[in-house]
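Below, each chain spelled out in residue letters.
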Amino acid sequence: MTSEPLVITSDSLLAAEAARLAAASGVTVEECPDAVGALRRWQRPPLILVGADLLAEVASLRPPRRDGVYVVGWGSTGEPLLRAALEVGAETLLELPSAETVVAGLFADVGDGEGGDGMVVGVLAGSGGAGATTYAAALASLGADRGPTLLVDADRLGPGAGRVLGLDEMPGVTWGDLGQTAGRLGARALREAVPHVGSLGLLGWPSGEVTPPRPEVVREVLAAARRGHDLVVVDLPRQPDPAAEALLTGCDIVLVVVRGNVTGTASAARLISRLPERDRVQVVVRGRAAEPEAVGRALGLPVIASMSDQRGLSEAIDLGLGPIRSKRAPLARAAAEVLTRCRLRSGMVAA
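Residues numbered from 1 in each chain as written. Predicted model: local features only at pLDDT ≥ 70, side-chain atom pairs only at ≥ 80, totals over all residues. Heavy atoms only, no water.

Going by what an unreviewed UniProt entry lists, the protein chain is known as Septum site determining protein and is assigned to Nocardioides turkmenicus.

Side note on the pattern of salt bridges
For clarity, the threshold we go by: When a carboxyl oxygen of Asp or Glu lies within 4 Å of a side-chain nitrogen of Lys or Arg, that pair is called a salt bridge. Under the scheme used here, helices are H or I runs from DSSP no shorter than 4 residues and strands are E runs no shorter than 2 residues, and both carry numbers assigned from the N terminus. Burial here depends on accessible area, computed with a 1.4 Å probe over protein chains only, as a share of the maximum for the residue type. Under 20% is buried, over 50% is exposed, and the range in between is partly exposed.
Enumeration over the complete set of coordinates arrives at eight salt bridges. Taking the shortest distance from any N to any O, the salt bridge between Asp309 and Arg286 comes out at 2.9 Å. One end of the pair, Asp309, is in the loop between strand 13 (303-307) and helix 14 (313-318); the other, Arg286, is in strand 12 (residues 281-286), and 23 residues separate them in sequence. Exposure remark for Asp309: the relative accessible area of 43% places this residue in the partly exposed category. Linked by salt bridges that have partners in common, Glu17, Arg20 and Glu100 make up one network.

Digging into the environment of Glu31
The condition is simple: Whether two residues are in contact is decided by their heavy atoms: any pair within 4.5 Å suffices.
Along the chain, the position of Glu31 falls in strand 2 (residues 30-32). Sequence separation of Glu31 and Phe107 is 76 residues, and the distance between their C-alpha atoms is 14 Å. Once you skip the residues sitting within four places of it in the chain, Glu31 turns out to touch Val7, Ala15 and Ala19.

Some points on the domain arrangement of the protein chain
Filter applied, for reference: For the domains described, the bounds stem from an automatic or database domain assignment. Once two parts are put together, the accessible area they lose, assessed with a 1.4 Å probe and summed over both, is termed the buried area. We define a polar contact as two N or O atoms separated by no more than 3.5 Å, with the added condition that, inside protein, one atom must be a possible hydrogen donor and the other a possible acceptor, whereas residues neighbouring each other in sequence contribute only through side-chain atom pairs. For this scheme, ten residues count as nonpolar: Ala, Val, Leu, Ile, Met, Phe, Trp, Tyr, Cys and Pro. Four count as charged, namely Asp, Glu, Lys and Arg, and the remainder, Gly too, count as polar.
The domains assigned to the protein chain are domain 1 (6-112) and domain 2 (119-350). A straight line from the C-alpha centre of domain 1 to that of domain 2 covers 37 Å. Contact with domain 1, which involves seven residues of that partner, is made by six residues of domain 2. Between domain 1 and domain 2, the buried area comes to about 590 Å², and carbon and sulfur atoms account for 39% of it. At the junction of domain 1 with domain 2, the criterion picks out zero salt bridges. Across the domain 1-domain 2 interface, the total number found is zero residue pairs in polar contact (both at pLDDT 80 or more). Split into classes, the residues belonging to the side of domain 1 that touches domain 2 amount to three nonpolar, two polar and two charged.

Printed below as a string of structure tokens:
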């Protein structure tokens, strides 16, 4: 299987522009100037750009549906072009020169070998003080031992995932930089731009007031994060808003961290009642005031892990040592259990 993107066009200027954008991302392309030749190559490339000049001919051959097909051309597009794009299963129409950055991002993803199948795990506090941010940081810390991992701090009113990890003083891109951006975000660009240590990256908040990101920005950031990382952990806010809803619906699994007592369970029950698609929601029980199974029955949800309170955890975080001091400690064991169970089915799907 070739790793080179396929550019289908007889327009020499369009082909040259595609080659230029690919070269800037360290990628070479395979060019095909006729529709019949393109059909023979259709299933192999990781990315296909169909030139507007040959789109109708390609559509007339009825190529099999596949992912990673885009239509690219000069200037504005009309309704006939849109109909033909739908017939070839294209994901979108890209108009040059305004879509240069989008096309360059597509090539960059191919050059980085990104398959777009990383898992997104949301972590949500069932009540105040449940320790969801600390648990999210522990998941991300352990996940980074296995591959590229991003912790997304989406809770502006929380303690700060960067502070829990000890990364809050490191330079890099934050929500303040991404909040009002537009267009496609390159996965490799995001991974390299955020503060990171080794395989662990953080997307957090800058100091001061920040305008919350728009839902479409949140969805694009999450998509880029998924393409560029094996694991994305999202520290979700308890306060519902459009951006939070966009993050919530983008998660493969949502873990609600619940204090294992009467008040913690009651608070979590109210929060869980407003969550959509509860089949993706599972519970992590913290504390030993009640049996984990009893908490799960009260909430009507499965318990994926439980842990006792950990002595010295707050002090370690205050000292900038991070949440994982020992992999035998309760927090680390509960995080490792979830990661193992999430990977049991098809690489990264919750058990």
